[in-house]
Amino acid sequence: MSQLFQELKRRNVFRVALAYLAVGWLVLQVVQLVLESTSAPDWVMQVFLLAVAVGFPFAVLFAWAFELTPEGLKREQEVARDKSITRQTGRKLNRTIIVVLTVAIAILLAEKFVLERDTAAPAAVTETSIAVLPFVNMSSDPEQEYFSDGISEEILNVLAQIPDLHVTSRSSAFQFKGEDIDIPTVANQLGVRHVLEGSVRKSGSNVRITAQLIAADFDKHLWSESYDRVLTDTFAIQDEISAAIAAALGETLGFEFAVAESVRESIDADAYNEYLRGVYNLEQRTKDSLEAASRNFERAIAIEPDYAAAHARLAITFGVFPGYQAEANSIEYYELAVPHSQKAFELAPDTWEANLAMGYVLWMRSRLYGDDVDEAIPYLERALELNPSHGPAYSWLASVQGMKGDWQGRIAILEAGIQVAPIDRILLGSIANAYIYLDRFAEAEKAIDRLMDISPAMALNRAATLATRQGQWANNAVALIHYLSLAPTESSYWARRIVGEDLGLAEEALTIGEQDSNFRLYIALGRPEEAISRAQKKLESEPNLRNRWSLGTMLAMSGEMESAHTNFEAVLSEIEDLEGFVPSTEQIAARVATGDIAGALLLTQRLDEEGERRRLAGIDVAPDYLGEGYAHYLIGDEERGLDELKKTVELGFYVPIFQAYLEELLEDPDFVPLLAVQQQKQKVQQERFLTIMCGQENPAPDFWKPSDAACSSLSEPSSGEASGQ
């Protein structure tokens, strides 16, 4: 055995094995970096791993059987011992191993400390930082939860107005509500040195509030106090606790914090109670909770008509509601929000709530009507100046920058927001979207990974958006279905559309989630009458502009252009300001079909301008090219239209082809090659989707899985369904 070991050593077998492993490791590190930056599928890396593993025994056998000589490579048996240069070769191998390992380690360090640096990560922890955890409800009635949450938030808001004190946002601090996690862990995740926790016990008109300030590094209590008061003194208690906390922090850190003089309204206790209930319901962000919040704020205002904070919060409640109810009319809710935002600002122009409401409503108006978005900026900036710990304000201000085309500015604001709200799902979701649209996919993936721990449903929603941007139709559909399994009350529109159109599985798509307004699938299935009938019934049950536009779209897709044109023009006649209006392809097709060529040209010009505005902002989005391609082809500019559609396909986006107004396009010989490319990709993506959803990788088998017929098609030749028709 000793002789064998010595011979292996002499022939440099050990050195070759070590050198092979070092070089293989280095190659895999480089390959991994390249594949991550190009979003290549997982199997590519697996192929490289397999190749390196398979090559190892051959390298060892080669080192045993052959020797490198000045004359070249020879069999070991052919080299005389006195002519052997294995010692010199060994020294060269040693140097090679050292160099390769040095490079590999350098790459690892660069990847860890440079390439993996999360641009959305919280800033370094400062000594003057604090998080206010939700106070525990110690009342006998569990429904008093809103009151303890409200007291916590009010104290947080007072502390947030202290200069030089960094206060984590409510949205992040309240993530730990009900969690059994030690204070140091909480502080580490929130990026703070101090934590305030407490409890509230409410009984009739009396309340006891206990608060304690903790130094997180040592889990040491710096200060604690209990307050017994009647509810009419609630504001005074909040100010008293905040002042005591500021004093305790100042004494510990050697600072002197100045607590701003509170701008308080003299509010009836019942009105304040309703207000706290409203704030609690508003933060839940569901359709039912928002409806409850609006009732709470309205009752507070009925008791105290000049309650500025209640007016402000009611305006915001009306504003956000359409985002949680797919059928809600945004214009109607905007009109409900306006008077309350104006009233709040009239009553209390120096409060953060009033400025936030004004900024939000002006932002909403810009989105709906295309008005000057700059009007919202000073109000949102003032709201953050008065309360820099309010996470949603950063999201809305960032959105304003995005609407202006300044996407880099948008990201800068979101990153600033994440410093005070490190685990705010809205901010993380917004910055993930911003990264996606700027093709910063690696950063988007990191934001989505962080979001997955906080809000899996939203993370999956963003993962679907990322897959769309990367042209990964199957991954998009899987993520959307997984998302719906976690948020079953959300609209299944996009999941149905991607599965039904992009993947060519329209019959399967109809079984995903609850029935909603995605009637176009029936047209794709050759049942246009059903699509029109469903859209008509929807309009009759809920007569609003949104549903009338939907009916016009179904009519146009089905080829009934006169009726479609009538519905589209009826909607336009109801919109006061068309400055920011972005037309649809169906509207342009209807104008062309009814002879209004000039009108169609005008709408196409608007589409081009909107697309150019987004591209100047650094957003090269396939749907823009799709709409422009359809439009130019319809108005007779076939060359420009085909060029835009080619860009759409090159960016990995699906070009729907079932619409009746696309008959000429489908017969165009110049479109046939694009269609062939799309059909081939659809076949591959459809197979991948079915492989995942029919097998063990299905992330939500209890929520949805394909039919047995669809799954059995995996082992059969592809059917006509793969054509997308």
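Residues numbered from 1 in each chain as written. Predicted model: local features only at pLDDT ≥ 70, side-chain atom pairs only at ≥ 80, totals over all residues. Heavy atoms only, no water.

Q: I would appreciate a short explanation of the overall build of the protein chain in the present structure.
A: What the protein chain contains, in helices and strands, is 33 helices and 8 strands. Considering only intrachain contacts with a sequence separation of at least 6, the fraction spanning at least 24 residues in the protein chain is 61%. (Helix = DSSP H or I, 4+ residues; strand = E, 2+ residues; numbered from the N terminus. Contact = heavy atoms within 4.5 Å.)

Q: I tried to follow the packing of helix α10 (residues 287-303) against helix α11 (residues 308-320) on my own but got confused; where do I start?
A: Packed helices, taken two at a time, are described by the angle between their axes plus the distance between the axes. Packing of α10 against α11 brings their axes to within 9 Å, and their N-to-C directions diverge by 155°. As the angle between them shows, α10 and α11 are arranged roughly antiparallel. Here the hand of the crossing between α10 and α11 comes out left-handed. Of the residues in α11, those touching α10 at L290, A293, S294, F297, E298, A300 and I301 are A310, H311, R313, L314, T317, F318 and V320. By residue class, the composition of the contact of α10 with α11 is 9 nonpolar, 3 polar and 2 charged. (Axes fitted to C-alpha atoms, helices over the stretch in contact; angles between N-to-C directions. Parallel < 35°, antiparallel > 145°, perpendicular 65-115°, else oblique. Left-handed = near helix turned anticlockwise from the far one by under 90°. Nonpolar A, V, L, I, M, F, W, Y, C, P; charged D, E, K, R; others polar.)

Q: Just checking my understanding: could you explain the pattern of salt bridges for this structure?
A: Note that side chains of opposite charge can pair when their charged atoms are close. Applying the stated rule across the entire model yields 23 salt bridges. One salt bridge in this structure joins R440 and E443, with 2.7 Å as the shortest N-O distance. For R440, a relative accessible area of 23% puts it in the partly exposed group. D608 serves as the salt-bridge partner of R640, at 3.5 Å between the closest nitrogen and oxygen. Pair noted here: R640 is in helix α30 (residues 638-650) and D608 is in helix α28 (residues 597-616), with a separation of 32 residues, a long-range link. Classification of R640 as partly exposed rests on a relative accessible area of 28%. One salt-bridge network, in which partners are shared between bridges, spans E507, R527, E530 and R534. (Salt bridge = Lys/Arg side-chain N within 4 Å of Asp/Glu carboxyl O. Buried < 20%, exposed > 50% of the residue type's maximum accessible area, 1.4 Å probe, protein only.)

Q: Would you take a moment to explain the pairing of strand β3 (residues 129-132) for this structure?
A: Within a regular strand, the side chains alternate between the two sheet faces. Along β3, one buried face is formed by S129 and A131 and the opposite face, lined by I130 and V132, is buried too. Inspection of the sheet shows β3 paired to strand β5 (residues 166-167) by 2 bridges, in the parallel sense. Looking across to β5, one finds that S129 is bridged to H166. (Pairing = 2+ DSSP bridges.)

Q: What's the story with the state of the cysteines in this structure? I'm lost.
A: Note: disulfide means a covalent bond formed between the sulfur atoms of two cysteine side chains. Scanning the model with the defined rule gives 1 disulfide in all. Residue C694 pairs covalently with C711 via a disulfide, S to S 2.0 Å. Its S-S torsion of approximately -90° makes the covalent link between C694 and C711 left-handed. Of this pair, C694 sits in helix α32 (residues 672-694) while C711 sits in helix α33 (residues 708-712), and the two are 17 residues apart along the sequence. Judged by its relative accessible area of 23%, C711 is partly exposed. (Disulfide = S-S within 2.5 Å.)

Q: Even after reading the chapter, I still don't get the packing of aromatic side chains, so can you show me in this structure?
A: Two measures describe an aromatic ring pair: the distance that separates the ring centres and the angle between the ring planes. Under the defined criterion, the tally for this structure stands at 12 aromatic pairs. Here the aromatic rings of Y275 and F297 are separated by 5.9 Å at their centres, their planes lie at 55°, and the arrangement is tilted. Placement of Y275 in helix α9 (residues 269-284) and of F297 in helix α10 is noted, with a sequence separation of 22 residues between them. Classification of F297 as buried rests on a relative accessible area of 0%. Between Y360 and W396, the ring centres sit 4.3 Å apart and the planes meet at 50°, which makes this aromatic pair tilted. Here W396 lies in helix α15 (residues 391-403) and Y360 lies in helix α13 (residues 352-369), a separation of 36 residues in the sequence. Members of the aromatic cluster, joined through ring pairs, are Y272, Y275, F297 and Y307. (Phe/Tyr/Trp six-rings, centres within 6.5 Å; stacked < 30°, edge-to-face > 60°.)

Q: Before we go on, may I ask you to explain the nonpolar core in this structure?
A: Buried together is how nonpolar side chains tend to be arranged in soluble globular proteins. If you look at the biggest cluster of nonpolar residues, it comprises 101 residues, and the most contacted ones within it are F135, L159, L196, W223, I245, Y275 and Y307. No other element matches α13, which puts 11 residues into this core. Among all residues touching I245, those that are not within four sequence positions of it are I130, I155, L159, L196, L213 and W223. (Core = buried A, V, L, I, M, F, W, Y, C linked by side-chain atoms within 4.5 Å.)

Q: Could you clarify how one ought to interpret the side chain of S395 in this entry?
A: Counting through the fold element by element, S395 comes out in helix α15. Not counting chain neighbours up to four residues away, the residues in contact with S395 comprise L414, I426, L427 and S430.

Q: Help me out: how do you make sense of unusual backbone geometry in this one?
A: It is generally the case that most residues other than glycine have a negative phi and that most peptide bonds are trans. For D439, which is not glycine, the phi dihedral falls at a positive 60°. Tracing the sequence through the fold places D439 in the loop between α17 (425-437) and α18 (441-454).

Q: Help me out: how do you make sense of the side chain of Q401 in this one?
A: Along the polypeptide, Q401 turns up in helix α15. Take Q401: its relative accessible area is 11%, and that puts it in the buried class.

Q: Would you mind showing me how to read the confidence of the model for the protein chain here?
A: Predicted coordinates in regions of low pLDDT should not be interpreted in detail. Taken over all residues, the pLDDT of the protein chain has a mean of 81, while the share at 70 or more is 79%. Between residues 112-123, whose pLDDT stays under 50, and residues either more than four places distant or in other chains, the model counts 24 contacts. Counting contacts from residues 717-725, a segment whose pLDDT is below 50, to residues more than four positions away or on other chains yields 17 contacts. (pLDDT = per-residue confidence, 0-100.)

Q: Looking at this model, I keep getting lost on α28. Mind explaining?
A: Each turn of an α-helix holds 3.6 residues, which means side chains three or four residues apart point in the same direction. Helix length check: α28, at 20 residues, gives a terminal C-alpha distance of 28 Å against a target of 28 Å (1.5 Å per residue), a fit within 8%. Taken residue by residue, α28 has G599, A600, L603, T604, L607, D608 and G611 as its buried positions. Those residues of α28 that are buried are in contact with α27 (585-593), α29 (622-634) and α30. (Expected span 1.5 Å × (residues − 1).)

Q: Mind showing me how you'd approach the packing of α11 against α13 here?
A: Two numbers describe how α11 lies on α13: the axes approach to 8 Å, and their chain directions differ by 25°. For the element pair α11 / α13, the angle class is roughly parallel. As α11 runs across α13, the sense of the crossing is left-handed. Residues A309, A312, R313, A315, I316, G319 and V320 of α11 touch α13, and the partners they reach there are W352, E353, A354, L356, A357, Y360, V361 and M364. Here the residues of the contact of α11 with α13 sort into 12 nonpolar, 1 polar and 2 charged.

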